[in-house]
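# A closer look at the structure
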Amino acid sequence: MAPPTPPIPSLQWAYTPERIMELTEAAIAEYKAVEDEVAALEPEECTFESVFLPLAHAEAKRISVVDPLTFLKNVSPSQEVRDASAKADGLLRDARAESSARLDVFRAQHAARMNLESAGRVLDPEEQRLVEKMILDGTRAGLALGDEERAKLVGLKKELSQASIEFRKNYNEEKGVVSFTLDELKGVSEDTIAGYRKRTEGDKEIYDVPFRMSDWGPITRFGENPETRRAAYAAYEDRLAVNAPILSRIFDLRRQIARLLGYASWADYVTEVKMVKTGKGVEDFLTDLEAKLRPVGLENREALLELKKKEHEARGLPFDGELYVWDSSYYERKLLEARLSLDTQRLREHFPVAHVVAAILDIYRELFELEFVPVEGETWHQDVQQYAVWEKDAMDESGFIGYFYVDLYSRGKSNKKSKFPNAAVWPLVPGHTTPSGTRQPPIAAIVASLAKPASAAAGRPALMGHFDTTTLFHEFGHVFHELLSRTRFARFHGTTGALDFAEAPSQMLENWCFESKVLRRMSSHYKTGEPLDDEFIDKVLKSRHINVGMFYLRQVSFATFDLRCHLSEAPEDYTQLWSDLCESIALLKTDKPRPGQAAFQHLVGDYSVGYYGYTYSLVFAADMYATVFKEDPLDPARGRRYREKILAPGSSKDEMELLKDFLGREPNSEAFIEEVDRG
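Residues numbered from 1 in each chain as written. Predicted model: local features only at pLDDT ≥ 70, side-chain atom pairs only at ≥ 80, totals over all residues. Heavy atoms only, no water.

### Here we look at the sheet that holds strand β1 (residues 177-181)
Neighbouring strands of a sheet are bound in pairs by backbone hydrogen bonds; such pairs are parallel or else antiparallel. One open sheet holds the three strands; their spatial order is β1-β3-β2, and the pairing between them is antiparallel. Every other strand in the sheet has two partners, leaving β1 and β2 (197-201) as the edge strands with one partner each. Ignoring strand direction, the axes of neighbouring strands in this sheet form an average angle of 35°. Strand direction decides the pairing type here: β1 and strand β3 (residues 204-210), joined by five bridges, are antiparallel. (Pairing = 2+ DSSP bridges. Helix = DSSP H or I, 4+ residues; strand = E, 2+ residues; numbered from the N terminus. Axes fitted to C-alpha atoms, helices over the stretch in contact; angles between N-to-C directions.)

### Let's talk about the nonpolar core
Core analysis: the biggest nonpolar cluster contains 136 residues, and F404, F476, F480 and W512 have the highest contact counts within it. With sequence-adjacent residues up to four places away left out, F404 is seen in contact with L361, F372, Q385, Q386, Y387, V389, A444, F476, V479 and L483. Residues L69, Y403, Y405 and W426 belong to the second largest nonpolar core, which totals 31 residues. (Core = buried A, V, L, I, M, F, W, Y, C linked by side-chain atoms within 4.5 Å. Buried < 20%, exposed > 50% of the residue type's maximum accessible area, 1.4 Å probe, protein only. Contact = heavy atoms within 4.5 Å.)

### Thoughts on the environment of I246
Turning to its location among the elements, I246 is positioned in helix α10 (residues 244-261). With relative accessibility at 10%, the residue I246 sits in the buried group. C-alpha of I246 to C-alpha of S164: the two residues are 82 residues apart in sequence and 8.0 Å apart in space. What I246 contacts, discounting residues up to four positions off in sequence, is A163, E166, F167 and N170.

### Quick look at the packing of helix α2 (residues 48-71) against helix α4 (residues 103-119)
Contact geometry of α2 with α4 gives a least axis separation of 9 Å together with a crossing angle of 130°. Comparing the axis directions of α2 and α4 gives the class oblique. The two elements α2 and α4 meet at a crossing, and its hand is left-handed. In this structure, α2 uses F48, V51, F52 and L55 to contact α4, whose residues at the interface are V105, A108, Q109, A112, R113 and L116. (Parallel < 35°, antiparallel > 145°, perpendicular 65-115°, else oblique. Left-handed = near helix turned anticlockwise from the far one by under 90°.)

### A closer look at α4
Between the first and last C-alpha of α4 there are 24 Å, a value that for 17 residues agrees with the 24 Å anticipated at 1.5 Å per step. All buried positions along α4 are accounted for by L103, V105, F106, A108, Q109, A111, A112 and L116. Packed against the buried residues of α4 are α1 (17-39), α2, α5 (125-140) and α6 (147-172). Backbone geometry just downstream of α4 places G120 in the positive-phi region, at approximately 70°. (Expected span 1.5 Å × (residues − 1).)

### Topic: the packing of α2 against helix α3 (residues 79-100)
The geometry of α2 relative to α3 is characterised by a closest axis approach of 8 Å and an angle of 140° between their N-to-C directions. By the angle between their axes, α2 is oblique relative to α3. Packed against α2, whose contacting residues are R62, V66, D67, L69, T70 and F71, the element α3 presents S85, A88, D89, L92, R96 and S99 at the interface. Residue composition of the contact of α2 with α3, by class: five nonpolar, three polar and four charged. (Nonpolar A, V, L, I, M, F, W, Y, C, P; charged D, E, K, R; others polar.)

### Some points on the sheet that holds strand β10 (residues 443-450)
One open sheet accounts for five strands, arranged β4-β5-β6-β10-β7; its pairing is mixed. Across the chains shown, the open sheet's two edge strands, defined by having one partner strand only, are β4 (370-375) and β7 (424-429). Looking at each pair of strands side by side, their axes are set apart by 25° on average, direction ignored. Bridge count between strand β5 (residues 385-391) and strand β6 (residues 400-409): six bridges; the pairing is antiparallel. By the bridge assignment for β6, Q386 is matched with Y405. Helix α16 (residues 466-484) contacts β4, β5, β6, β7 and β10 of the sheet and is inclined by roughly 155° relative to β6.

### Considerations on the side chain of E515
Counting through the fold element by element, E515 comes out in the loop between α18 (504-509) and α19 (516-522). What makes E515 buried here is its relative accessible area of 12%. Within the structure, the side chain of E515 is placed 3.1 Å from the side chain of K630, a separation counted as a polar contact. Every residue in contact with E515, bar those within four places of it in the chain, is listed here: L541, Y625, K630 and P633. (Polar contact = N/O pair within 3.5 Å; in protein donor to acceptor, adjacent residues only side chain to side chain.)

### Here's the deal with the packing of aromatic side chains
Per the stated rule, a full pass over the model turns up 48 aromatic pairs. With a centroid separation of 3.9 Å and 15° between ring planes, the pair formed by W216 and Y236 is classed as stacked. Highlighted residues: W216 in helix α8 (residues 213-222) and Y236 in helix α9 (residues 226-238), separated in sequence by 20 residues. The exposure class of Y236 is buried, given its relative accessible area of 17%. Pairing F558 with F600 gives two aromatic rings, centres 5.7 Å apart and planes at 50°, and the pair type is tilted. Of this pair, F558 sits in helix α21 (residues 548-567) while F600 sits in the loop between α22 (574-584) and α23 (612-629), and the two are 42 residues apart along the sequence. (Phe/Tyr/Trp six-rings, centres within 6.5 Å; stacked < 30°, edge-to-face > 60°.)

### Structural notes on α5
Taking 1.5 Å per residue, 16 residues should reach 22 Å; α5 reaches 22 Å between its end C-alpha atoms and fits that length. E126, E127, R129, L130, V131, M134, I135, G138 and R140 are the residues of α5 that are buried. Where α5 is buried, its residues touch α2, α4, α10 and α11 (266-271). Of the residues flanking the start of α5, the one acting as N-cap is D124, its side-chain oxygen 3.1 Å from the backbone nitrogen of E126. G142 lies just past α5 and shows a positive phi near 85°.

### Section: unusual backbone geometry
Despite not being glycine, D393 has its phi angle at roughly 60°, a positive value. In this structure, D393 sits in the loop between β5 and β6. The class of D393 is exposed, set by a relative accessible area of 58%. A positive phi angle, close to 60°, is found at N547, a residue other than glycine. Tracing the backbone shows N547 in the loop between α20 (534-543) and α21.

### Some remarks on the pairing of β3
Burial analysis of β3 places five of its seven residues in the buried class, which makes it a mostly covered element. With five bridges joining them, β2 and β3 adopt antiparallel strand pairing. Residue R199 lies in a different strand from β3, and its bridge partner there is I206. What sits between the antiparallel neighbours β2 and β3 is a turn of two residues, in which G202 has the positive phi angle 70°.

And the structure:
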């Protein structure tokens, strides 16, 4: 039986630039009006119901109205709409900065907490956490500072907001290319080359390669000419040099803010509310991890160098004994082929995008006991699909969970059709309990820029590699974290917790892409429909441990750059630091310092001093998978346990408590270390 009609409609998307601004300004004004009402209360009038509850409801409403509008800057085909969306985002950030500096609201919150304590009232756990988090927000916002210092803080935060918006806008709208002749692209598949724009320059045919990973990545993995790979790397690193001075300004503003608030560094300020707690904690974690990875990484490097030496000798190319950044992906693929005879091009033929997406949804449907119903309706682009999500065998509206949107394909080469270039998930509307007591279902969107090859029209569909498949599976994990979270307050919904834990659930889910029975379900050769055979699957599973030391050392180099920039007491040459860490930690030589950090978007926004979290959370991910799911990763009972103990609470409980409840014990690093040692 088909599920009943959803209790609420999906979102509207036909917004003009003017309407985006009107709705944003109205939502900001409405929230401010609630703040004004709270601030006007006498101390004895301040209670949970008169202070914390109206602020929580007003925050939920503002998020639900404005977040879909600011999301459009990443996906709308209209430049005018993207500009308005970015402007709306700026207004919202400014409003948040002003809200965070409202001493009158902070005093009302303090009065309400004191009244609660003096009355001996016991709140439920989520209410108590709401009180604690709101008070902590005000404290970290500097509301204990004097008037002059608070005014300075508001100004610095506004500057930081505008600089961050400028950085992101440049990132989202980057449209550069690197150009090669057909001969220079030797080794890159015809299918990939067919997707490049071809033009004539003099008597030569030139192919323009955009910097999307689906277009640029095959050159670094398959391009046989080392100079082509070097040129592709150099252009990629230089593509957003315009952001380098903006990023330096962002670091300086953060340094000033941290000092004003009484912290030794921005790293200490950020990590106070994370699982790791201090910048020193991050430094210790990265130092320890680098030491454990380095012996494995050096062995990996020697294996890649040996391959490079043999190839250069066979082709009569000079060999200087160095492994360059642009060599890494190419010789890692060669190593895979040499040790496992794993033909990654043939592997791609088993992963047509349409089949992979359908299989991923089917696996999540089965694991979490859900139903997905396609929805016909308005979206921001004709390629977008939307789904209503229900509990399995839902009989009435109580079984409705929410909506999600799927926007997977590149918009093409037109400058008017820009979109966010990588795979990511955006929460659009958080699930929460409304003031009337009804349930607001969550809404989320997954976005990617998968290639739509020209040859698809001739019968060859868009294909993706196993890495891309794993990435997509990971991102869908975020979608279902958003959909299956069930909290009373919007601020605790979904992936709103400590950022050094936020990736752990989806990182854990990547393990499904290295399970034999899952790989068979997700693979289907685009011609024959046959899944991967046992031999191919065995090679894929073994490939996970090829070059694992160098892979994680590269991640450590990125995380160390992030940390160093936010621990330093004075500005430094960040372009030089980017290059130095690549060579000293990642063990990869560069040709010269290049501003790759100017495209490192994790440095901007909520992920500052956060890149370490990818490896930090892997410890938890490995433990969760090995302890609960390894025995039977498709077991709905285990999926139910995961839903109830990890996803449903969102951030309404401390992350360590979630882990202990799920695992039945304290988490440990044994499973992660075992995985690394296998490399």
